[in-house]
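One letter stands for each residue in the lines below.
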Amino acid sequence: MTSSYQFDHNAFAADLQSNYAALSDGEESGVQVRVAGRLMLLRRQGKLAFATMRDSSGEVQLFALSQVTEEFEAFSKLHLGDWVGVEGEVVRTKRGELSVKVATWVRLAEALHNFGDKWAGIADFDLRYRHREADLWANDVSRRSLLRRSHVVRAVRERCWAQGFVEVETPILNPIPTGAAARPFKTHHNALDAEFFLRIAPELWLKRLVVGGFERVFEIGRLFRNEGVSPRHNPEFTSLELYAAYWNYEDMMTFTEELVAGVALDVLGTTEIEYQGRQLSLSTPWARRSMTELASEGVGEEISVHTPREHLVKLLADRDVVAHASWGPGRCLEELFGATMEATLWDAVFVTGHPVEISPLARRDPDDELLTQRFESYAAGRELSNGFSELIDPVEQRARFEDQARLAAAGDDEAMVIDEDYLRALEWGLPPTAGLGVGLDRLAMLIADESNIREVIAFPTLKPLRD
RNA sequence: GCGCCGGUAGCUCAAUUGGCAGAGCAUUUGACUCUUAAUCAACAGGUUCCGGGUUCAAGUCCCGGCCGGCGCACCA
């Protein structure tokens, strides 16, 4: 059995296809190349054998002949899925297929399992997600979507660097879960004998770096939320979080739309994309609509955060939403927006002016004390990003945290806890700053035209097999 | 967590009102000097997800469990 510890490979399938496109049927190039990849198909024809080999760039045919190919019999008995390294001349067969005429070859690895039906691939979700390595060979779409995700992350990073943002990394193990309202995962450090939570957001750490003088920072990283799994939610997901000193939320909206539209342009070459069979526009400028206006449109009457709570609760009940006792008018307004209008927002749009009640870290709107300078962007009916002018006043921030603590006491198990370290950081002075969070998996779904978040995560969280 | 749907050979899928569990591909063997999902012939391949139950008889019906898809809830 032929085997090898390495292979000096000097050509890729796709390059051969383009470099020898002019080679005519039956013509031999006289050029020897060394290619390597996995056997996808194998057709034995007596003293000839044809194999389709795929590498990371594409596919090329291997043409073996008993008179030319070393160990021809063994070659013709290779299994689908085996990795091979081949040396031979670039030729085009009489029937027009560009090929490497195999002179010498080596089996680099053996495949003991097949890679699914060679026509239908692998359809079983369980098998596809639990063994993505096989799925990637069996299904072109799987490979394409994960590749697009990689291109999205690269484009985001490059565009942030281009604007002078410094990439940083902040702790994943946190003594208290802060920066967002979500249920955390809990773990334990043995030597410190201390409880830690996996981060639900890097927000407060990043703002502390702004206090420290990093005027523009961003972090791309994994967040962990101990919540339901769905086609749009994975327990661990990737976010971009970014802060810019001296900006306000309007500056950040401009940055956001240019970032997202720019990523679409970088990866797809257009900002007018097709998503799930429907045209979707990411072209700038995005529409800007206040949550108050949208909620009013949704319920068919003028409402706001100043509308009596009882009335908002009734409007919610009309829509089969039961208001929790801890919800004030602000939360009710948001719920009404969510119940009526959120799913209808197809083209990219900014929703602005969130109530203070649901925005404990955002700066108050000077024109309405109950609202904040905050925005969320939506596309395809889903939230894509969230940003605001940061609350920089340590006294007010403490009061906001205390409001959250009261919510927690009232039974809201996702309310924030008081972060004394963060309050102390604010006391050293946070300049006027705007922040942004973008769900990169969500963005990748949009760009890859996928409706299930698992398709843009190489190894999505699955329930472990038991029994 | 709740609801609906699904799980049959390594892979993709069949199996009529409950009546002998099948095909294609892959694997194995053989034929074939220009194939393209090659073709042709033959062999082999099964705890029908698991555990109970009903029945003369269960892949099919009932109950429980496991895993998945979708929806709801939660959220990004």
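An account of the accompanying structure is given in this report. Numbers given for residues are sequential positions, taken from 1 along each chain in its written order. For naming, the first written chain is A and the first written ligand is 1, with later ones following in the order written. Reporting in this predicted model follows two pLDDT cut-offs: at least 70 for local features of residues, and 80 or more for side-chain atom pairs to be given and counted; totals over whole chains, interfaces and linings ignore these cut-offs and use all residues. Excluded from the side-chain calculation are hydrogens and water; included are all heavy atoms of the structure.

Here's the deal with the packing of aromatic side chains
What counts as a ring pair is set by centres within 6.5 Å for rings of Phe, Tyr and Trp (its six-membered ring), and what kind of pair is set by the plane angle: stacked under 30 degrees, edge-to-face over 60, tilted for all other angles. Taken as a whole and assessed by the stated rule, the structure comprises 13 aromatic pairs. Their ring planes at 75° and their centres at 5.6 Å tell us that phenylalanine 337 and tyrosine 378 sit as a pair that is edge-to-face. Taken together, the positions of phenylalanine 337 in helix H10 (residues 329-340) and tyrosine 378 in strand S18 (residues 374-379) put the pair 41 residues apart, joining distant regions of the chain. Owing to a relative accessible area of 1%, phenylalanine 337 belongs among the buried residues under this scheme. Here a set of aromatic residues connected by ring pairs shows up, and it is made of Trp83, Phe115 and Trp137. To sit over a ring, a charge needs its Lys NZ or Arg CZ within 6 Å of the ring centre and within 35 degrees of the ring normal. The ring of phenylalanine 7 carries arginine 34 above its face, with NZ or CZ at 4.5 Å from the centroid. Residue placement shows arginine 216 over the ring face of phenylalanine 165; its charged tip is 5.7 Å from the ring centre. Strands here mean DSSP runs of E at least two residues long; helices mean DSSP runs of H or I at least four residues long; both are numbered from the N terminus. Exposure classes here rest on a 1.4 Å probe applied to the protein chains alone. A residue is buried below 20% of its type maximum, exposed above 50%, and partly exposed in between.

With respect to the packing of helix H5 (residues 140-162) against helix H7 (residues 249-268)
Between H5 and H7, the shortest axis-to-axis distance is 9 Å and the interhelical angle comes to 135°. Classed by the angle they form, the pair H5 and H7 counts as oblique. In this structure, the crossing between H5 and H7 has a hand that is right-handed. Residue-level inspection shows Arg148, His151, Val152, Ala155, Val156, Arg159 and Cys160 of H5 in contact with H7, the latter providing Phe255, Glu258, Leu259, Gly262, Val263, Asp266, Val267 and Leu268. Following the grouping adopted for this structure description, the nonpolar residues are Ala, Val, Leu, Ile, Met, Phe, Trp, Tyr, Cys and Pro, the charged ones are Asp, Glu, Lys and Arg, and the polar ones are all others, Gly among them. Of the residues belonging to the contact of H5 with H7, the class tally is nine nonpolar, two polar and four charged. Axes here refer to lines fitted to C-alpha atoms; in helices the fit is confined to the stretch in contact. Angles between the N-to-C directions go from 0 to 180 degrees. Here the angle decides the label: under 35 degrees means roughly parallel, over 145 means roughly antiparallel, 65 to 115 means roughly perpendicular, and every other value means oblique. Helix crossings get a hand from a simple test, with the near helix turned counterclockwise from the far one by less than a right angle marking a left-handed crossing and a clockwise turn marking a right-handed one. Here, two residues are considered to be in contact whenever any of their heavy atoms come within 4.5 Å of each other.

Some points on the protein's contact with RNA strand B
Being near a molecule or strand, for a residue, means having at least one of its heavy atoms within 4 Å of it. Arg95, Asp117, His233, Arg442 and Arg454 are the nearest of the 54 residues found near RNA strand B. Expressed as a percentage, the sugar and phosphate content of the atoms of RNA strand B within 4 Å of the protein is 59%. One nitrogen or oxygen atom from the side chain of arginine 130 is found 2.9 Å from a sugar or linking oxygen belonging to RNA strand B. By the criterion applied in these results, polar contacts are pairs of N or O atoms within 3.5 Å in which, for protein atoms, one can donate a hydrogen and the other can accept it, and in which residues neighboring in sequence qualify only through two side-chain atoms. In this structure, a phosphate oxygen belonging to RNA strand B sits 2.4 Å away from a side-chain N or O atom of arginine 454. When residues of the surface near RNA strand B are traced back to their parent elements, those giving at least two are strand S1 (28-45), strand S2 (48-54), strand S3 (59-65) and helix H3 (125-130). In terms of residues, the surface near RNA strand B owes the most to one element, H3, which gives five residues. Grouping the amino acids of the surface near RNA strand B by side-chain chemistry returns 18 nonpolar, 14 polar and 22 charged.

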